[in-house]
Amino acid sequence: MKQIATEENVKKAYKQLKDAGSEITVGSIRKILGGGSNGTILQILHTIEEENAETVICSRDPDEDRIIKEDAIPLVAELYRKCKKRAEELAKAQYRDLAAADEEISNKIQRLDEIEEQAKCRIDAAEAKMQIAITNAETANVKIKALEQTLKGKNNEIAELKQQIKKMQQIQQQQNLTNNLLKEVLSQLQR
């Protein structure tokens, strides 16, 4: 069952490892507890080792040099070894985490580059289509202007034809009048 790394739980695990003659590390404490924060366990272990060092020094106080040589120096050396080992473990873990994060970032950057390339291709395609549409519109405008000119010319021709028709109608009316007069004159002459 997973336990929280409290001072009491860590001390129990510490005692259990010490009584068994096993190496006392953050990992071995975590194993017994079934989890817990590395930092919390390490902090509690330091407190326990400091208490044990004070107890050892105080109980053998009469021969201070011997105590330092026999107890304090090995304790400090062991503490240094454990700290160094833990620091190396943490450094390796952080390196693995950083390597994983770096790989993830690299993958994301690669994916972003792919998305950017796809977007660029789409933009280029859209710009090409737009250019074709502009060219088509310009061609259509040229054709429209040409048709407008043609239409204007045809409208002018129609206007001229209308004027010619109007003049011909006037001429025809005058001829009709002249014919009517001539008929009248002929009719009077024949009588």
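Computed from a predicted structure; not experimentally measured.

*Asks:* Please provide a residue-by-residue account of the overall build of the protein, values included.
*Replies:* Broken down by element type, the protein carries 4 helices and 0 strands. Evaluated residue by residue, the protein yields a buried proportion of 13% over its 191 residues. Across the protein, every contact between residues at least 6 apart in sequence was considered, and the portion connecting residues at least 24 apart equals 52%. Surface summary for the protein: the accessible area is close to 15,800 Å², and the carbon and sulfur share equals 57%.

*Asks:* Quick rundown of the packing of helix α1 (residues 7-20) against helix α2 (residues 26-33)? Include the residues and the values.
*Replies:* Axis separation between α1 and α2 bottoms out at 9 Å; the angle between their running directions is 110 degrees. By the angle between their directions, the pair α1 and α2 is classed as roughly perpendicular. For the pair formed by α1 and α2, the contact residues are N9, V10, A13, Y14, Q16 and L17 on the first element and S28, I29, I32 and L33 on the second. Split by residue class, the contact of α1 with α2 holds 7 nonpolar, 3 polar and no charged.

*Asks:* Would you mind going over the nonpolar core in detail, with residue names and values included?
*Replies:* Formed by 13 residues in total, the largest nonpolar core has its most connected members in V10, Y14, I24, I29, L33, I41 and L45. Discounting residues that sit within four places of it in the chain, Y14 has contacts with I24, I29, L45, I48, E49 and N52.

*Asks:* So what's going on with the pattern of salt bridges? Residues and values would help.
*Replies:* Enumeration over the complete set of coordinates arrives at 13 salt bridges. When the shortest N-O distance is used, the salt bridge between K11 and E51 registers 3.7 Å. Here E51 lies in helix α3 (residues 38-59) and K11 lies in helix α1, a separation of 40 residues in the sequence. By relative accessible area, which is 33% here, K11 ends up partly exposed. Look at E51 and you get partly exposed, because its relative accessible area is 34%. A salt bridge links K108 to E104; its shortest N-O distance comes to 3.2 Å.

Thresholds applied
Residues numbered from 1 in each chain as written. Predicted model: local features only at pLDDT ≥ 70, side-chain atom pairs only at ≥ 80, totals over all residues. Heavy atoms only, no water. Helix = DSSP H or I, 4+ residues; strand = E, 2+ residues; numbered from the N terminus. Buried < 20%, exposed > 50% of the residue type's maximum accessible area, 1.4 Å probe, protein only. Contact = heavy atoms within 4.5 Å. Areas by Shrake-Rupley, 256 points an atom, 1.4 Å probe, with all protein chains shown as cover. Axes fitted to C-alpha atoms, helices over the stretch in contact; angles between N-to-C directions. Parallel < 35°, antiparallel > 145°, perpendicular 65-115°, else oblique. Nonpolar A, V, L, I, M, F, W, Y, C, P; charged D, E, K, R; others polar. Core = buried A, V, L, I, M, F, W, Y, C linked by side-chain atoms within 4.5 Å. Salt bridge = Lys/Arg side-chain N within 4 Å of Asp/Glu carboxyl O.

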